[in-house]
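Results of the structural survey
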Amino acid sequence: MKPKRVLQTLLPAAALILAFLPWGVALSFMSDPSLPPQVTTTSYFDLLPFGYGNFAPLITAVLTCVLLVLMLVHLATGSRKLRRAGKILAWAAAVISVFPVVFSAYTLIGGLISICLAGDAVMLTMAEKEEN
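Please read all numbers here as calculations on a predicted model, not as lab measurements.

The terminal C-alpha atoms of helix H1 (residues 3–20) lie 26 Å apart, and with 18 residues this matches the ideal 26 Å at 1.5 Å per residue to within 8%. Listed in full, the buried residues belonging to H1 are Gln 8, Thr 9, Leu 11, Pro 12, Ala 15, Leu 16, Leu 18 and Ala 19.

Pasting the structure below:
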C-alpha cells in the first residue's frame, strides 16, 4: 500500500469521525426577543438541522460515507476510475460542507470537516495530475 493512498483514505475517515461528534452544527433558537438566542449543537447526522432547512450537514455526512467507501476500495485495488470518482465526490462534499456558513451554523468541527474533505480533494487532484 502506498502512503498517499492511505492518507487519501484517512482524511475522509477523520471527516466522518468528526461528523459523528455532537458539536458539528450550531442552531440558534430565539424564544424571547429580550433574551440572547439559545444555541444548540448537533452532529452532522442529526435530522434537526435538516428539519430547519439546513440540508448541507446531512448531505456532507452522506457524501463523506460514500467517499470513504470509494477510498477504501481504491486503497485495495488502485483503480484510476475510483480515484477520479473520489476526486469529484471529495470536491462536491468539500463545497457543500461550507454551506452552513449561510445559516450561521458553522463551528470549529465543521471547519475541520471542510479542511479534511478539501485536503483529500486536493490530494486526489494532484495524484491524477502526477499520473498524466
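Taken as a whole, the largest pocket encloses approximately 210 Å³ of empty space. Lys 2, Lys 4, Arg 5, Gln 8, His 74, Gly 78, Arg 83, Ala 127, Glu 130 and Glu 131 together form the lining of the largest pocket. For the lining of the largest pocket, the secondary-structure elements that each account for two or more residues are H1 and helix H5 (108–131). The residue inventory of the lining of the largest pocket, partitioned by class, reads one nonpolar, three polar and six charged.

It is worth spelling out the environment of Leu 58 at this point. When you line up the elements, Leu 58 lands in helix H3 (residues 56–77). The contact partners of Leu 58, leaving out residues within four places of it in the chain, are Tyr 44, Phe 45, Leu 47 and Phe 50.

Helix-helix packing is characterised by the crossing angle of the two axes and by the distance between the axes. Contact pair H1 / H5: the axes reach a minimum separation of 9 Å and the direction vectors enclose 160°. Classed by the angle they form, the pair H1 and H5 counts as roughly antiparallel. Here the hand of the crossing between H1 and H5 comes out left-handed. Side by side, H1 and H5 meet where Lys 4, Leu 7, Gln 8, Leu 11, Pro 12, Ala 14, Ala 15, Leu 18 and Ala 19 of the first sit next to Ile 109, Leu 112, Ile 113, Cys 116, Leu 117, Gly 119, Asp 120, Met 123, Leu 124, Ala 127 and Glu 130 of the second. For the contact of H1 with H5, the residue count by class is 15 nonpolar, two polar and three charged.

Before going further, it helps to examine the pattern of salt bridges. Evaluated as defined, the whole model comprises five salt bridges. For Arg 84, the salt bridge is made with Glu 128, and the minimal N-O distance between the two is 2.8 Å. Taken together, the positions of Arg 84 in helix H4 (residues 80–96) and Glu 128 in helix H5 put the pair 44 residues apart, joining distant regions of the chain. Its relative accessible area of 43% is what places Arg 84 among the partly exposed residues. Judged by relative accessible area, Glu 128 falls into the buried class, the value being 14%. One salt bridge connects Lys 87 with Glu 128, and the closest N-O pair in it is separated by 2.7 Å.

For the rest of this paragraph, the subject is the state of the cysteines. This model, assessed by the stated rule, comprises zero disulfides. The closest cysteine sulfur to the non-disulfide-bonded Cys 65 is located on Cys 116, 14 Å from its own sulfur.

By secondary structure assignment, the location of Thr 107 is in the loop between H4 and H5. Residue Thr 107 is classed as buried on the basis of its relative accessible area, which comes to 17%. Here the side chain of Thr 107 touches Gly 24 through a polar contact of 2.7 Å, landing on its backbone oxygen. Excluding residues within four positions of it along the chain, Thr 107 makes contact with Trp 23, Gly 24, Val 25 and Ala 26.

What counts and how
Residues numbered from 1 in each chain as written. Predicted model: local features only at pLDDT ≥ 70, side-chain atom pairs only at ≥ 80, totals over all residues. Heavy atoms only, no water. Helix = DSSP H or I, 4+ residues; strand = E, 2+ residues; numbered from the N terminus. Expected span 1.5 Å × (residues − 1). Buried < 20%, exposed > 50% of the residue type's maximum accessible area, 1.4 Å probe, protein only. 1 Å grid on protein atoms, 1.4 Å probe; cavity = no way out; pocket = protein on both sides within 12 Å on 5 of 7 lines; lining within 4 Å. Points joined across faces, edges and corners; volume = space filled by probe spheres on them. Nonpolar A, V, L, I, M, F, W, Y, C, P; charged D, E, K, R; others polar. Contact = heavy atoms within 4.5 Å. Axes fitted to C-alpha atoms, helices over the stretch in contact; angles between N-to-C directions. Parallel < 35°, antiparallel > 145°, perpendicular 65-115°, else oblique. Left-handed = near helix turned anticlockwise from the far one by under 90°. Salt bridge = Lys/Arg side-chain N within 4 Å of Asp/Glu carboxyl O. Disulfide = S-S within 2.5 Å. Polar contact = N/O pair within 3.5 Å; in protein donor to acceptor, adjacent residues only side chain to side chain.

Geometry only, nothing functional implied.
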